[in-house]
Each structure stands twice: as C-alpha cells, then as structure tokens.
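For reference, the chains in residue letters:
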Amino acid sequence: MWYAQNSARRTHQLAGDAGVLLWTALWAAAAVMAYRLACLLALPRALQEHRAPIPLVGGRLDTAVRRVAGAVDAMDPVAVRTAVAVGAVALFVVPVGLVLVVWLPRRLRWIRQAGAARDLAATDDGRDLLALRSLLRPLDEVAAAAAEIPDATPGSLAWGWRHGDPEILDALAGAELERLGLEAPPRDGGPVEVFEQQAHEHQVELIGPAGPVDEPSPDARPVG
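As the structure is a prediction and not an experimental result, all values here were calculated from the model.

**Re the packing of aromatic side chains**
Right, so step 1: The final tally for this structure, using the stated rule, is one aromatic pair.
Right, so step 2: One residue, arginine 107, lies across the ring of tyrosine 3, its end atom 4.8 Å from the ring centre.

Quick look at the structure:
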C-alpha cells in the first residue's frame, strides 16, 4: 500500500511526493547547467570560439567569466574537469539528499505501518492489538476516540478493552486506522450474521427430522 484510503490524507501524500520529484528535477537541471558553464571555464579555447555573449549573463559578468577562463588555462585540464564534475554532482546530491533524509524515512515508515494495520484489521486478534495501540496514544487522542462513543470516557475505554467490549474495540481500532488514513475493512460474520445463523440452527432443532411413517399392519382386515 503506497497511499492512504482517506482522500485528504492521500492528497497530502500525493502533493508531498510530487514536491519531492519537482525538487529533484529542478536541482538536476541546475547541476547540468552548472556543469556546462564550468566546462566552458575549464576549456578556454571553447569559450574563445564562442564569441556570442553567454546566455542569461550580463556584459560585465561575461567579461569576468572570460578572464577566469583565461586564468584556468594554466591549470591541469584533467584536474579541472574532475573538479567540475565533482562540483556538479555535489550541487545535485546535497540539496536532494537533505530532502530525502527527511522525507523518505517517514514515507517508508507509513507504508510499513499501513500495510501491517490493514492486515491486523482483518482478524479479531489484530483488531484487539490495534485497539491496544490506540490506547497507548497521547491522552488527547484517547479522549478524542472516547468522544466518538456515547457515554464513554477515556477510563472506560481501558475497561472495555480489558473486558473485550466489541463496541469499544471497534471504536479504538477504527481510531487507529483513521490515524493512518485507512478505512475499516468489512468484517465477515458480524453480529447480525451470527444472530441469523444461530436463529436458523435453533429453528432446525425445533423442527427436528421427520419420523418414519406408520405402515399398516399385515393382519388388518378391511371393514364391510
């Protein structure tokens, strides 16, 4: 699972992913432009052949760039080209890496937690574990979960969890799923279905199997 089922949470995730991709693309373009410009400085002959002014650069700055290129002419070309390549890579890696260090662990952690919570929500034991997880949240979140249940308090939630109250367990598990932006899966064999099945079995027991039909005795004689 890569994105939440809740529309607001999913939109937030999509916007964050798109922002990271745009940030990466912008710095990749900046690194390529910086590398090409640095190559002109590192190769004065190519810059001298390029008589036209450098794009996006003023006249004075263009003259200064050409002077720097002339000074670089005395340096080792291999060392200069290596330094240019390292600088371009650093220009891309540093800003993109800083964003990925903050964004990527949180994104992977949500994916891992959402997948585990979805699997747990499909079983009764998993629902109890999600309810316990919800009880371990900060008190303000526990109070918010209690507000969703009529006549419930944060203390009564703990009592309901200990005694296996299905209403409280469902509410706590639902609060934990909602925190992750997930929806509670349909539960098979819910209370209504169990009641109908038990009523059907009870009806079958009351009717019982039909007994054998009484056959006429061989000694019977017709009257008249």
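Picking up where we left off.
**Considering a nonpolar patch on the surface**
Right, so step 1: Taken together, the side chains of Trp2, Tyr3 and Leu14 make up a nonpolar region of the molecular surface, amounting to roughly 340 Å² of accessible area.
Right, so step 2: Inspection of the secondary structure puts tyrosine 3 in the segment before α1 (7-42).

**Some words on the side chain of arginine 137**
Right, so step 1: Looking at the secondary structure, you find arginine 137 in the loop between α5 (124-135) and α6 (139-147).
Right, so step 2: If we ignore the near neighbours within four places in the chain, the residues touching arginine 137 are Val142, Glu176 and Arg179.

**Describing the layout of surface pockets**
Right, so step 1: Its volume calculated, the largest pocket comes out at about 440 Å³.
Right, so step 2: Arg9, His12, Arg106, Arg107 and Trp110 are the residues nearest the centre of the largest pocket, which is lined by 15 residues in total.
Right, so step 3: Where the lining of the largest pocket is concerned, the elements lending two or more residues are α1 and α4 (77-121).
Right, so step 4: Partitioning the lining of the largest pocket into residue classes produces four nonpolar, four polar and seven charged.

**Here we look at α5**
Right, so step 1: Here α5 spans 17 Å end to end across 12 residues, near enough to the 16 Å set by a 1.5 Å rise per residue.
Right, so step 2: Every buried residue belonging to α5 is among Gly126, Arg127, Leu130, Ala131, Ser134 and Leu135, and all of these are buried.

**Examining the confidence of the model for the chain**
Detailed reading of the predicted coordinates is not advisable wherever pLDDT falls low.
Right, so step 1: Taken residue by residue, the chain gives an average pLDDT of 75. The fraction at 70 or more is 65%.
Right, so step 2: Overall, residues 202-211 carries pLDDT values under 50, and its contacts beyond four positions in sequence, including any with other chains, amount to zero contacts.

**Some words on the environment of aspartate 140**
Right, so step 1: For aspartate 140, the position within the fold is in helix α6.
Right, so step 2: Classification of aspartate 140 as exposed rests on a relative accessible area of 57%.

**Some details on α6**
Right, so step 1: Taken together, the buried positions of α6 are occupied by Val142, Ala145 and Ala146. Projected onto a plane normal to the axis of α6, the buried residues spread over an arc of 100° and lie on a single side. Along α6, exposed side chains directed more than 90 degrees from the buried face belong to Asp140 and Ala147.
Right, so step 2: On its buried side, α6 packs onto α5, α7 (154-162) and α8 (166-179).

**Some thoughts on the nonpolar core**
Right, so step 1: In this structure, Ala4, Trp110, Ile111, Ala114, Ala117, Ala121, Leu130, Ala173, Leu177, Leu180 and Leu182 together form the largest nonpolar core, which totals 11 residues.
Right, so step 2: Secondary structure elements with two or more residues in this core: α4 and α8.
Right, so step 3: Here this core takes five residues from α4, the largest share from any one element.

**Here we look at the packing of α5 against α8**
Between two packed helices, what matters for the description is the angle formed by their axes and the separation of those axes.
Right, so step 1: In the contact formed by α5 and α8, the axes pass within 7 Å of each other and the chain directions differ by 70°. Of the possible angle classes, the one that applies to α5 and α8 is roughly perpendicular. At the point where α5 passes α8, the crossing takes the left-handed sense. Judged by residue contacts, Arg127, Asp128, Leu130, Ala131, Arg133, Ser134 and Leu135 of α5 engage Pro166, Leu169, Asp170, Leu172, Ala173, Ala175, Glu176 and Leu177 from α8.
Right, so step 2: In terms of residue class, the contact of α5 with α8 is made up of nine nonpolar, one polar and five charged.

**Re the pattern of salt bridges**
Right, so step 1: The full count for this structure, using the stated rule, is six salt bridges.
Right, so step 2: Residue aspartate 17 pairs with arginine 107 through a salt bridge whose shortest N-O separation is 3.2 Å. Here arginine 107 lies in helix α4 and aspartate 17 lies in helix α1, a separation of 90 residues in the sequence.
Right, so step 3: A relative accessible area of 12% means that aspartate 17 is categorised as buried.
Right, so step 4: Residue classification places arginine 107 among the buried positions, given a relative accessible area of 10%.
Right, so step 5: The partner of arginine 127 in a salt bridge is aspartate 128, with the nearest N and O atoms 3.8 Å apart.
Right, so step 6: One salt-bridge network, in which partners are shared between bridges, spans Arg133, Arg137, Glu176 and Arg179.

The rules we used
Residues numbered from 1 in each chain as written. Predicted model: local features only at pLDDT ≥ 70, side-chain atom pairs only at ≥ 80, totals over all residues. Heavy atoms only, no water. Phe/Tyr/Trp six-rings, centres within 6.5 Å; stacked < 30°, edge-to-face > 60°. Lys NZ or Arg CZ within 6 Å of the ring centre and 35° of its normal. Patch = residues over 30% accessible without salt bridge, like charges linked within 9 Å, V, L, I, M, F, W, Y side chains within 5 Å. Areas by Shrake-Rupley, 256 points an atom, 1.4 Å probe, with all protein chains shown as cover. Salt bridge = Lys/Arg side-chain N within 4 Å of Asp/Glu carboxyl O. Helix = DSSP H or I, 4+ residues; strand = E, 2+ residues; numbered from the N terminus. Contact = heavy atoms within 4.5 Å. 1 Å grid on protein atoms, 1.4 Å probe; cavity = no way out; pocket = protein on both sides within 12 Å on 5 of 7 lines; lining within 4 Å. Points joined across faces, edges and corners; volume = space filled by probe spheres on them. Nonpolar A, V, L, I, M, F, W, Y, C, P; charged D, E, K, R; others polar. Expected span 1.5 Å × (residues − 1). Buried < 20%, exposed > 50% of the residue type's maximum accessible area, 1.4 Å probe, protein only. pLDDT = per-residue confidence, 0-100. Arc of directions from axis to C-beta. Core = buried A, V, L, I, M, F, W, Y, C linked by side-chain atoms within 4.5 Å. Axes fitted to C-alpha atoms, helices over the stretch in contact; angles between N-to-C directions. Parallel < 35°, antiparallel > 145°, perpendicular 65-115°, else oblique. Left-handed = near helix turned anticlockwise from the far one by under 90°.

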